[in-house]
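Given next are the chains, with one letter for each unit.
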Amino acid sequence: MPEEVKCNLCGSDKAVGNPGYTWFLDLSEPYEVRECASCGLIYLSPRPTPDELVELYSREPYFSRDNANRGATRTKFYTDRLRRLEQLVPQKGRLLGIGCLEGGYALEIAQELGWQVTGVESSEILSSYARDNLSIDIQTVNYWDLSGFPTDTFDAVYTHSFEHFSDPRAMLSHCFRVLKPSGTIMIEVPNQFYSFKDKFRKFAMDLLGEHRYKVFRKPVPQYFHLYYYCQDTISKMLREEGFTVSRIKTYSPRHPVYFRNKKGKWFQEALYALGGLFGKGPSLEIVASAEAGPARNF
């Protein structure tokens, strides 16, 4: 039975449904995209319960073992991203990877670069793939639970699964706790609804009307995110959990997710580059530090 939730950022229950966004993602009842009237966070409510999400991720082909190897084609992209992370970390040490949606290949690259890697994943399908094929120390945990890790353990946390977390503030609180003082977190989330890509896509869908998904249709689970962040909402959430935002960008060159379609490649590159200049790129890459201070009194 789908559950309704309050805003995870400010706690308000004053959210307004946005039929345009719900339609844009091809979602149907009982699911609805809502926007908090107090802080502007966009999220899914009603949404699947945590148990329903576990079941969804276990049966949908998009999250399957066979599809996990797509990350193997993204070596340069992940290497470049981890190099950007290393620019803000004093020295390589222990890295916690949260999520193996791409099969865990980013964590394999981190190991090759000299990090001591531990990972967590809620799907046994994906975590076993990373263990068996990439020799990564991955733990399968219920609902992304980090409570089993000691305080001040990791030098860095890396995740590109943040939009899938049921309670992102609790997740950030746990990340802050397990990071060493001044440890670093790197997060990537889609810049959903805010990017030039999505604005152009919605314009085209409006023109196509009922025929829109003959062109744009993708599996619903690929867009089945629980939260849809912009620069302001994710920065505020990080700050309220004790982090200091070091860098936020909205354009990742040659992002493999957004450059899969070779048709109109020149147009995609121009659209993403232009979006990056105005904070409207296809994804958000955020780096923040867990500064020492009163907030670290656990």
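Residues numbered from 1 in each chain as written. Predicted model: local features only at pLDDT ≥ 70, side-chain atom pairs only at ≥ 80, totals over all residues. Heavy atoms only, no water.

1. Quick look at the pattern of salt bridges
What the rule picks out here adds up to 15 salt bridges. Across the pair glutamate 86 and arginine 83 runs a salt bridge, and its minimum N-O distance is 3.2 Å. With glutamate 86 and arginine 83 both in helix 3 (residues 75-86) and 3 residues apart, the pair spans about one turn of that helix. Across the salt bridge formed by lysine 197 and aspartate 198, the nearest N and O atoms sit 2.8 Å from each other. Here lysine 197 falls in the buried class, since its relative accessible area comes to 16%. The class of aspartate 198 is buried, set by a relative accessible area of 4%. Each of the salt bridges in this network shares a partner with another, and the network as a whole consists of Arg81, Arg84, Glu188, Arg247 and Glu285. (Salt bridge = Lys/Arg side-chain N within 4 Å of Asp/Glu carboxyl O. Helix = DSSP H or I, 4+ residues; strand = E, 2+ residues; numbered from the N terminus. Buried < 20%, exposed > 50% of the residue type's maximum accessible area, 1.4 Å probe, protein only.)

2. Examining the packing of aromatic side chains
A complete count under the given rule lists 12 aromatic pairs for this structure. Arranged with centres 5.3 Å apart and planes meeting at 40°, the rings of phenylalanine 162 and tyrosine 229 form a pair that is tilted. Taken together, the positions of phenylalanine 162 in the loop between strand 7 (154-159) and helix 6 (168-178) and tyrosine 229 in the loop between strand 9 (227-228) and helix 9 (231-240) put the pair 67 residues apart, joining distant regions of the chain. A relative accessible area of 0% places tyrosine 229 in the buried class. Measuring from ring centre to ring centre gives 5.2 Å for phenylalanine 176 and phenylalanine 243, while their planes differ by 90°; the resulting arrangement is edge-to-face. With a gap of 67 residues between them, phenylalanine 176 in helix 6 and phenylalanine 243 in strand 10 (residues 243-249) connect regions that are remote in the sequence. Ring pairing ties together the aromatic residues Tyr43, Trp144, Phe162, Phe165, Tyr227 and Tyr229, which thus form one cluster. (Phe/Tyr/Trp six-rings, centres within 6.5 Å; stacked < 30°, edge-to-face > 60°.)

3. Things to note about the confidence of the model for the protein chain
Confidence along the protein chain averages 84 in pLDDT terms, with 83% of residues attaining 70 or more. Per-element confidence in the protein chain is highest for strand 3 (residues 42-44), whose mean pLDDT is 97, and lowest for helix 8 (residues 213-216), whose mean pLDDT is 57. (pLDDT = per-residue confidence, 0-100.)

4. Notes on the sheet that holds strand 1 (residues 15-17)
If you trace the 4 strands from one edge of the open sheet to the other, you get 1-2-3-9, paired in antiparallel fashion. In the strand order of this sheet, the two ends are held by strand 1 and strand 9, each with one partner. One ladder, built from 3 bridges, connects strand 1 with strand 2 (residues 33-36); its direction is antiparallel. Across the sheet, the residue bridging to valine 16 is glutamate 35, located in strand 2. (Pairing = 2+ DSSP bridges.)

5. A few points about the sheet that holds strand 11 (residues 283-290)
With respect to topology, 7 strands assemble into an open sheet ordered 6-5-4-7-8-11-10, the strand pairing being mixed. Of all strands in the sheet, those with a lone pairing partner are strand 6 (137-140) and strand 10, marking the two edges. Geometrically, the sheet is characterised by an average inter-axis angle of 20° between neighbouring strands, direction not taken into account. Both strand 10 and strand 11 contribute to a ladder of 6 bridges, which runs antiparallel. Following the sheet pairing, phenylalanine 243 is matched in strand 11 by alanine 290. Relative to the sheet, helix 5 (residues 124-134) contacts strand 5 (116-121) and strand 6, its axis offset from that of strand 6 by approximately 165°. Sheet strands in contact with helix 6 are strand 4 (94-98), strand 7, strand 8 (179-190), strand 10 and strand 11, and its direction is about 145° off that of strand 8. (Axes fitted to C-alpha atoms, helices over the stretch in contact; angles between N-to-C directions. Contact = heavy atoms within 4.5 Å.)

6. As for the pairing of strand 6
Taken together, the 4 bridges between strand 5 and strand 6 define a ladder with parallel strand orientation. The partner of threonine 118 across the bridge, within strand 6, is aspartate 137. The parallel pair strand 5 and strand 6 is bridged by helix 5, and the resulting crossover is right-handed. (Right-handed = clockwise from strand over helix to strand, strands pointing away.)

7. A short note on the nonpolar core
Ile98, Phe162, Ile185 and Phe243 are the most contacted members of the largest nonpolar core, which has 52 residues in total. Here the element with the most residues in this core is helix 6; it accounts for 5 residues. In this view, isoleucine 98 contacts Val120, Trp144, Leu146, Val157, Tyr158, Thr159, His160, Ser161, Phe165, Met171 and Cys175; residues no more than four positions away in its chain are not counted. Leu82, Val89, Ala130 and Ile136 belong to the second-largest nonpolar core, a separate cluster that totals 26 residues. (Core = buried A, V, L, I, M, F, W, Y, C linked by side-chain atoms within 4.5 Å.)

8. Quick look at a nonpolar patch on the surface
On the surface, Leu274, Leu277 and Phe278 cluster together to form a nonpolar patch covering roughly 350 Å² of accessible area. We classify leucine 277 as exposed; its relative accessible area is 69%. (Patch = residues over 30% accessible without salt bridge, like charges linked within 9 Å, V, L, I, M, F, W, Y side chains within 5 Å. Areas by Shrake-Rupley, 256 points an atom, 1.4 Å probe, with all protein chains shown as cover.)

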